[in-house]
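# Observations on chain architecture
Residue strings, one per chain:
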Amino acid sequence: MAELNGFEYDVVVVGSGAGGGMAAYTLTKEGLRVLMLEAGRDYDPIEETPMFQTNAEAPLRGTSNKDKNFGYYDATVDGGWQVPGEPYTMAEGTKFMLWRARMLGGRTNHWGRLVPRFGPYDFKPKTRDGYGEDWPIDYDEIEPWYDKTDHLIGVCGDNPGVDNIPDVTEGVMQPAPEPRVMEILLKKACESLDIPVVKMRRAVMTEDKGDGRSPCFWATNCGRGCSIGAAFQTTTSLIPFAKATGRLKVVTDAMVKWVHTGEAGQANAVTYVDRQTGKDVKLKAPRVVLAPSATETARILLNSKSKKYPNGLANSSGQVGRNLMDSTGAGVSGHVPAMQGRPRYNEDGHTGNHYYVPWWGYQDQAKGKLNFPRGYHFEFGGRFSEPNIWTGGGVDGYGKKAKQAVRDKYGSSIGFSLRGEMVPNENCYCEIDSEVKDKWGIPVLKFHWKWAESEIKQVEHGLKWGEKIIKAMGGVVTSPKRTGEEAILAGGQIIHEVGTTRMGDDPKTSVTNKHGQTWDVDNLFVMDGGVFVSSPHQNCTITIMALAMKNATWMSKQIKRGVL
């Protein structure tokens, strides 16, 4: 057992977000002592969450800018698309965006809380269509861990009985909110097109779990954070739950740069930069869990070169940094006259859409009717929401007539966000840029990215169907006509990057086994999205957490057996 300032620990966990938070929670509940290292600053969601301020109180009415990418009140209090002094580089012709949250809890303070599970098809994609690789696990193996995770974090939703949306065990989920008027109209329109609209599973509590958090009161934007803990983030749940065991110590402003190994090749220490002093700190590490994010994990491993591991740690396969994936993204928007001038009432609900359009083309793909291999879903927005600087856009003129036009149009716009699956390809990866270091002296990542033709075709299919749905609602498409190549967003822009340290059954083609344990270093684990083998269209965070809970439980058993 190692020790830091009187605190003895069995495991070092790097990262405090979805994977790191769940790993620390699970290990401490299993009786192990954990030292958590977080690169960002400390964050108090009780004191620092601006839940009730209005946009009118903020500069530029709270709109986004280069310093606050998701708006003035966004919960990411330190970080963004660019972090001063911490650059990344891109190969010629590459457009890639890397979001970093330098704060305790990482991205879980900011995310959308959408938690659809991967389905049985998603774990065996190569078997279904011949592309990519299959996961070394199937849905049945992870199902109990999804149930435990959903119950622990607090998920609302239901079982819609739709293809590849697995049923959740009865009693696990909390009741979902009722649809808004726009969602009722959307459902009716989609039924006329023979495509499903179902309730969104979201990590927002609608009932009291009796664990110190409170259920949602339907009034504020989850993107600002949630001081009452209704909208899941590790800073209001997993981290305080783990601290309550007395077996977790958290060190913030600790940017890990290397994992060290001994003569036998096992991990035995980590070095981090203290961001307050700029000095390196080396700590003993009996066992290491890396969970700072898929790209940061790859960076740490590739920078941790040694005589025994000249190509980086855990990289005998050459797969560290490879197979980088993100969700495809594109948008379609419109105006629905039927929603114009309707009576005012509160339809805040939880932070986003209560319903969504899941992928409906599995059977058509199996029959060879589509020209791309994987699917997408539509999230959407359309309701009375807090007015912002863009409210009233498109209205011309002055005076009472213009004001009335703004009031009439309020709540009648609809926007669809496509989120789709990409297949890993040889053109998408990250590596160490040998010529650039950040202000801490750590070599940075260089990204390579190129969407495949299949992703472009997928987006074109989505643009066409988004327009069909708007027209079926009696609406008018307001977004410009674009090709798939013009509409698809940059790699990394959806903030679902995964796959850089994928799991597998073969050490020659994967970095970890199905437990997240690296093949080369048995006391080194990866528990973030790096272990993903594919990137299904469903949002990735619930699967990161379910895998982290499953693999941390397995890790604790190995430690207790004395084999690790």
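Residues numbered from 1 in each chain as written. Predicted model: local features only at pLDDT ≥ 70, side-chain atom pairs only at ≥ 80, totals over all residues. Heavy atoms only, no water.

The line we're drawing: UniProt positions are given in the numbering used here, feature names are shortened, and annotations may be inferred rather than shown by experiment.
In the annotation of an unreviewed UniProt entry, the chain is listed under the name GMC family oxidoreductase and assigned to Temperatibacter marinus. Check the Sequence similarities (unreviewed entry) section of the UniProt entry for the chain; it says "Belongs to the GMC oxidoreductase family." Word for word, the UniProt comment on the chain under Cofactor (unreviewed entry) is "FAD".

## With respect to the sheet that holds strand E14 (residues 328-335)
Threshold: Pairing between strands is defined by DSSP: at least two bridges between the two strands are required. A run of DSSP states H or I qualifies as a helix once it reaches four residues; a run of E qualifies as a strand once it reaches two. Both are numbered from the N-terminal end. By definition in these notes, contact holds between two residues if any of their heavy atoms fall within 4.5 Å. In this analysis, axes come from line fits to C-alpha atoms, helices being fitted only over the stretch in contact, and the angle between any two N-to-C directions falls in the range 0 to 180 degrees.
A sheet is described by the order of its strands in space; here 4 strands give the open sequence E16-E17-E14-E20, paired in antiparallel fashion. Both outer strands of the open sheet, strand E16 (376-381) and strand E20 (476-477), are each paired with one neighbouring strand and no more. In terms of strand pairing, E14 meets E20 through 2 bridges, oriented antiparallel. Looking across to E20, one finds that His335 is bridged to Val476. Against the sheet, helix H11 (residues 453-472) makes contact with E14, E16, strand E17 (413-420) and E20, and its axis sits at roughly 20° relative to E14, the strand it touches most.

## Observations regarding empty space enclosed by the protein
Using the following cut-off: A pocket here means an open set of points on a 1 Å grid, computed over the protein atoms alone, that has protein on both sides within 12 Å along at least five of seven lines. A cavity is instead a set of points where a 1.4 Å probe fits but cannot get out; residues with an atom within 4 Å of a point line either one. Grid points are joined across faces, edges and corners, and a volume is the space filled by probe spheres set on the points. Put simply, Ala, Val, Leu, Ile, Met, Phe, Trp, Tyr, Cys and Pro go in the nonpolar bin, Asp, Glu, Lys and Arg in the charged bin, and everything else, Gly too, in the polar bin.
Applying the stated criterion across every chain, the model contains 4 cavities of 30 Å³ or more. Roughly 120 Å³ of internal volume is contained in the largest cavity. Every residue lining the largest cavity is counted, 17 residues in all, and those nearest its centre are Pro116, Ile165, Tyr356, Pro358 and Gln538. Tallied by class, the residues present in the lining of the largest cavity amount to 9 nonpolar, 3 polar and 5 charged. Of the volumes computed, that of the second largest cavity is approximately 80 Å³. Around the second largest cavity, the lining comprises 14 residues; the ones closest to its centre are Met51, Cys216, Thr220, Cys222 and Cys226. Of the residues contributing to the lining of the second largest cavity, the split by class is 11 nonpolar, 3 polar and no charged.

## Topic: helix H5 (residues 139-153)
To be explicit about the condition: Each residue after the first adds 1.5 Å to the expected span of a helix.
Helix length check: H5, at 15 residues, gives a terminal C-alpha distance of 20 Å against a target of 21 Å (1.5 Å per residue), a fit within 8%. The inward-facing, buried residues of H5 contact helix H1 (18-29), helix H3 (120-123), helix H7 (238-243) and helix H13 (541-561). In the segment just after H5, Gly154 is the residue with positive phi, at about 90°.

## Topic: the pattern of salt bridges
Going by this rule: Only one rule defines a salt bridge in this text: a Lys or Arg side-chain nitrogen within 4 Å of an Asp or Glu carboxyl oxygen. Partly exposed residues are those whose accessible area sits between 20% and 50% of the maximum for their type, while under 20% is buried and over 50% is exposed, using a 1.4 Å probe and protein chains only.
In total, this model carries 24 salt bridges according to the counting rule given. In this structure, the salt-bridge partner of Arg41 is Glu48, at a minimum N-O distance of 2.7 Å. Ionic pairing is found between Asp147 and Arg117, a salt bridge with its closest N-O pair at 2.7 Å. Of the two residues, Asp147 is situated in helix H5 and Arg117 in the loop between strand E7 (100-101) and H3; the sequence distance between them amounts to 30 residues. Using a relative accessible area of 12% as the deciding quantity, one classes Asp147 as buried. In this structure, a network of salt bridges that share partners links the residues Asp78, Glu86, Arg102, Asp253, Arg275, Glu296, Arg299 and Asp438.

## Looking at the sheet that holds strand E12 (residues 280-284)
The strand order E10-E11-E12 describes an open sheet built from 3 strands, whose pairing is antiparallel. Each edge of the open sheet is held by one strand with a lone partner, namely strand E10 (254-261) and E12. Taken over all neighbouring pairs, the strand axes of this sheet differ in orientation by 25° on average, direction set aside. Strand direction decides the pairing type here: E10 and strand E11 (residues 267-274), joined by 7 bridges, are antiparallel. Counterpart to Trp258 in the pairing with E11 is Thr271.

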